[in-house]
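The residues making up each chain are set out below.
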Amino acid sequence: MHDSRPGVPPLGLPRPGLPAILAVMPFDARFLQTLEALNLLARRTLVGDDRAERLTPRKGASLEFADYRRYTPGDEIRYIDWNVYARHGSLFVKEFTAEENIHVSILLDTSRSMAFGGKFQAAQELAAALGYIGLSNYDTLSLFTFGHEVRPIKKFLRGKGRIFELLSAIEPLQADGETDMKKAFGPSLPRLRGRSLILLITDFYDLGGYNGGIRELLSQRFGIHLIHMVSREEMSPFARGRFSLIDLETGKTRDATLLPRTLAAYMRRFRAFCSEVEEFGRTHELAYARVMADDPLERRVVEILRAGGIVEQR
Amino acid sequence: MSFDHPQGLWLLTLGIPILAFHFYKGRIRKMPVPLLLFWEQIIVEEERQSAFRRIRHWTSLLISLGALVLLTSAVSLPNVRGFTRPKARYALIFESAPRMAAVEGGGRTRAELAVDRAREFLGTLAYGDQASALDRSGARLPFTSDLAVLSARLSVSRPSKDGVDRDLVLEALAAGEDVVAVLFGDRLPPGVDDLLENGRLRVVRVGSPRDNCGWVAGRLSRRAGERSVTIALQAESFAARSVERDEVLSLNGRALARRKLALAPATPVEREWVLDPAKFPGSRLEEGGLVEVALEPADAFPLDDVASFVLPPLVPPPVIVFHPGEPSAVLMHALETLQAGGLIGGQSLSKAPIARYESLKSKLGEGWLIIFDRVAPPSLPDRGGVLLLGAPGTGAVEKPTVVDWAREAPPNRRIDYGGLLIRKSRILQGDPLIRALEGPVATWSARGGRALVEIGFALEESDIAARPTFLLMLINLIEWAPWRGLRSFPTQLAMGEPLRAERPLWIEDGDLTFAQGDRAERIPVSRGLARTSPSAGPGFARLGAVGRSEWVAVNLFDAAESDFREKPAGAAGIPLPPPAPWHAKVPYAFLAVVGVLTLLLAEWFLYHRGLI
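Just so it is clear, the model here is predicted, and its values are computed rather than measured. (Residues numbered from 1 in each chain as written. Chains lettered and ligands numbered in written order. Predicted model: local features only at pLDDT ≥ 70, side-chain atom pairs only at ≥ 80, totals over all residues. Heavy atoms only, no water.)

(A) Spatial organisation of the overall build of chain A. Scanning chain A from terminus to terminus reveals 10 helices and 12 strands. Across the 314 residues in chain A, those meeting the buried criterion constitute 51%. For chain A, contacts bridging at least 24 residues in sequence account for 73% of all contacts bridging at least 6. On chain A, roughly 14,600 Å² of surface is accessible, and the fraction owed to carbon and sulfur atoms is 50%. (Helix = DSSP H or I, 4+ residues; strand = E, 2+ residues; numbered from the N terminus. Buried < 20%, exposed > 50% of the residue type's maximum accessible area, 1.4 Å probe, protein only. Contact = heavy atoms within 4.5 Å. Areas by Shrake-Rupley, 256 points an atom, 1.4 Å probe, with all protein chains shown as cover.)

(B) How the structure looks around the sheet that holds strand 10 (residues 229–238) of chain B. Residue and element names in this part refer to chain B. Strand order in this open sheet of three strands is 9-10-13, and the pairing throughout is antiparallel. Edge positions in the sheet fall to strand 9 (212–221) and strand 13 (269–275), since each has one partner strand and no second. Each strand axis lies, on average, 20° off the axis of its neighbour in the sheet, ignoring direction. Bridge analysis of strand 9 against strand 10 gives nine bridges, and the strand direction is antiparallel. Paired with Ala217 across the strands is Gln234, a residue of strand 10. (Pairing = 2+ DSSP bridges. Axes fitted to C-alpha atoms, helices over the stretch in contact; angles between N-to-C directions.)

(C) Spotlight on the packing of aromatic side chains. One pass over the full model with this rule turns up 23 aromatic pairs over all chains. Aromatic rings pair up to connect Phe204, Tyr205, Tyr210, Tyr266, Phe270, Phe273 and Phe280 of chain A together with Phe38 and Trp39 of chain B into one cluster. Across from the ring centre of Trp273 of chain B, 3.7 Å away, lies the NZ or CZ of Arg259 of chain B, which sits over that ring. Sitting over the face of the ring of Trp405 of chain B, Arg407 of chain B holds its NZ or CZ atom 4.2 Å from the ring centroid. (Phe/Tyr/Trp six-rings, centres within 6.5 Å; stacked < 30°, edge-to-face > 60°. Lys NZ or Arg CZ within 6 Å of the ring centre and 35° of its normal.)

(D) Just the pairing of strand 10 (residues 253–258) of chain A, in detail. Residues and elements named next belong to chain A. Two strands pair when backbone bridges link them, and strand 9 (residues 241–247) and strand 10 are joined in this way by six bridges, in the antiparallel orientation. Across the sheet, residue Arg242 finds its bridge partner in strand 10, namely Thr257. The turn linking strand 9 back onto strand 10 is made up of five residues, and Gly251 within it adopts a positive phi angle of 80°.

(E) Seen up close, a nonpolar patch on the surface. Residues and elements named next belong to chain B. The grouping of Leu19, Phe23, Trp58 and Leu62 at the surface amounts to a nonpolar patch, some 420 Å² of accessible area in total. Those elements that provide at least two residues to the nonpolar patch are helix 1 (15–26) and helix 3 (56–76). Tracing the backbone shows Leu62 in helix 3. (Patch = residues over 30% accessible without salt bridge, like charges linked within 9 Å, V, L, I, M, F, W, Y side chains within 5 Å. Salt bridge = Lys/Arg side-chain N within 4 Å of Asp/Glu carboxyl O.)

(F) Quick look at the interface of chain A and chain B. In this complex, chain A contributes 34 residues to the contact, which on the side of chain B involves 29 residues. Between chain A and chain B, roughly 3,100 Å² of surface is buried when both sides are summed, and carbon and sulfur atoms account for 66% of that area. Ranking the residues of chain A by area buried against chain B places Arg242, Arg254 and Arg261 of chain A at the top, with a combined share of 23%. At the junction of chain A with chain B, the criterion picks out one salt bridge. For Glu40 of chain B, the salt bridge is made with Lys252 of chain A, and the minimal N-O distance between the two is 3.3 Å. Every element with two or more residues in the side of chain A that touches chain B is listed here: strand 9, strand 10 and helix 9 (260–283) of chain A. Considering every element that reaches the side of chain A that touches chain B, the biggest residue donor is helix 9 of chain A, with nine residues. (Buried area = accessible area lost by both parts, 1.4 Å probe.)

(G) Focus on the layout of surface pockets. All names here are of chain B. Of the pockets and cavities examined, the largest pocket occupies roughly 1,100 Å³. Around the largest pocket, the lining comprises 45 residues; the ones closest to its centre are Arg222, Pro312, Glu479, Trp483 and Arg484. Within the residue set of the lining of the largest pocket, elements represented by two or more residues are strand 9, strand 14 (289–296), strand 15 (306–311), helix 10 (468–480) and strand 31 (548–555). Split into classes, the residues belonging to the lining of the largest pocket amount to 21 nonpolar, 11 polar and 13 charged. (1 Å grid on protein atoms, 1.4 Å probe; cavity = no way out; pocket = protein on both sides within 12 Å on 5 of 7 lines; lining within 4 Å. Points joined across faces, edges and corners; volume = space filled by probe spheres on them. Nonpolar A, V, L, I, M, F, W, Y, C, P; charged D, E, K, R; others polar.)

(H) The arrangement of the side chain of Ser308 of chain B in detail. By secondary structure assignment, the location of Ser308 of chain B is in strand 15. What Ser308 of chain B contacts, discounting residues up to four positions off in sequence, is Val291, Glu292, Gln492, Gly539, Phe540, Ala553, Val554 and Asn555 of chain B.

(I) Geometry of the side chain of Ser142 of chain A. Positionally, Ser142 of chain A belongs in strand 5 (residues 140–146). A distance of 3.1 Å separates a polar side-chain atom of Ser142 of chain A from the backbone nitrogen of Phe156 of chain A. (Polar contact = N/O pair within 3.5 Å; in protein donor to acceptor, adjacent residues only side chain to side chain.)

By themselves, these figures tell us nothing about what the structure is for.
Written out as structure tokens, the structure is:
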């Protein structure tokens, strides 16, 4: 049994040349086992490329019965249902559902607003954990970042062994630039394979409105999970007195005296915003999970994402 | 403006860190936010709502500085003309003359009303004012700023012999230039007009003019050898019209006789009561006791309605002579002569050899005259009158020459020892009764319970028995030694006069109990002398210790005290200061702290309302 105490190298991972992100991520043996027991939940049945463990609308060779169809020459004789032939006198063959993988695309918000309150690092950890869940389920995994445009970081990774590749790609990412989801997810969106499952990790701060961009994704019939990153500092700020407020994305400033009632009004406004995003997801039948940046990673992945219908126990 | 504690102003230096912190707090800091849009919506809304937008930045500073100023003033205690009231010191003087016992309408005496007025006055003073209290009876309460305690400790003054005078007022004012004396009494003392004019003395008058009548003089007298005493009294009415009262004579609280007394205005009336046991059979007057003559019904000033007297025993004392074998014939002849004259009880002259003294000693006591003729007892009797003839002394002298004698000593009343021949005498120690060139040949002493006369020679060794001198001395001794000579205290005192013993007490050390009515006090005794002298009210006072007691009659025989008619008002003087306002009655520091707390509460409230 591997020792899971902090500072002890993760099981099966080589010591030299580890990405720096591993130093802060508790990817020890126990946590990896926990992740491997999870599966990314897709609300829609999606089509993949290769045989895997996930059922698809395609007919294939799994043990899951799908339908009957009339026998045509050339069909495998072993799939003829002789019982039906005995009752009706016609030849029918049994069809089975194909078990395939799906294409999972992680869209990570790298706008400057994500740098507030440790949200970006928490989002990086979450992307790595979700990526590992996908890879361990033989799904095809792609990682994209977005701000005012979508940038592919890693594409079409398959198998657990590619996790280091993923982590190495995530680690150097920086939060920079502004958010414009509508522009980013519009017609210029890089081609995603098939009907991907999109894991959208963002704080939804978009001056143009986040819903336009998500609607663009919905119009392309992607399965979408909304992962809302929030930090405790932005949820309940504590500052009192006179401040010059600086917008992290635009650099715009505004002088203000922060009074208890100002803070109370802000908190009310922020809670309304969170509820608004959640309601948007519910309206469009999208899984939604609000993740607190300073929660432990295991809790973020296992409890919050499970509760939000983003992952499930296999 | 001045300050009681100017060093408290150092607190103002705390204003510097308060200002520094305010400006530090007020500086604009940079704060990155993920989305300014939220804040802009709220800030615009807030600024529109807040009416204090311009001043709220300064409100907190004003509150802090206001609290600091209040705290500083609480410590430094500023005096601002027209705003704060200077601290004052008042000496409350209570009239303690006997007339203060007069009952006013409402059933309270003038002395009680004086205390009531004084408490009301104390209630009008400001916090920090000081007051003391004194009266003529000797009661003193020192200056204190705890006016509530002083008010609680004020009590009705004991009557004193004299009332308040200028000297007492000056004594009260001697505490300081700032002291104002306030007299609570019914009359102005004489000679204080200048003090009234300059405001050092203020007067609160109690009582109102009224009619009164009572005893203004009284005396009990008895002639030697007589079996009766005479009480001579003088009554006077201080009213505009004639008054009729009853005189009631009582002995030990039991009424013996009653008669009418008519009093015309401003006309003193002489009255006399002859207390003869024969006239009051069964009254046991001959045993002596406590006699009162009361005017009934009592009026609003009861002190002068009763005249009290201590009545001595009227029966002749028993006499016993201890002798070496046979008593002196000269002595016995003299005693039998006195017995025949009624000065010694008919069956009360006895003689006994000295050998029987020890067995008879316990039967002898006060009221007896015990004579030792040429014999010296092993120990003198503790009680009673004692005469030692041929007393032992330091040495015998032949033919001493008598040069002087104590003319004021009771045994020597009306006696002339000039030319007395003595063949041989011993020289004695003590207060000389008869002094020879060689020293005292006769001495006398008296203390509570025992009167002693020692003569250093036997009767046969001088020609004293051949003179009337000896008989007179025996008469004096019989009159004095068995009762008057045994008393430490006088029988009669004026009201308010201190109870001082005339002679050493019958105890050397311990406590003497003074009791009068429901008042009782312990008087410490050291070396036979009382260390304190309480003053007694009217009536009878008892002084007792170790099984022996003496009664003293106290009377107010003073026409000036009994006269309650309207008197000239005299100088009005300056009235009392007006009552202090309510805030002056509360410690300023307390008000300041309340102010600070109020400011802090206001800041807390404004903070939570989001106004500052």
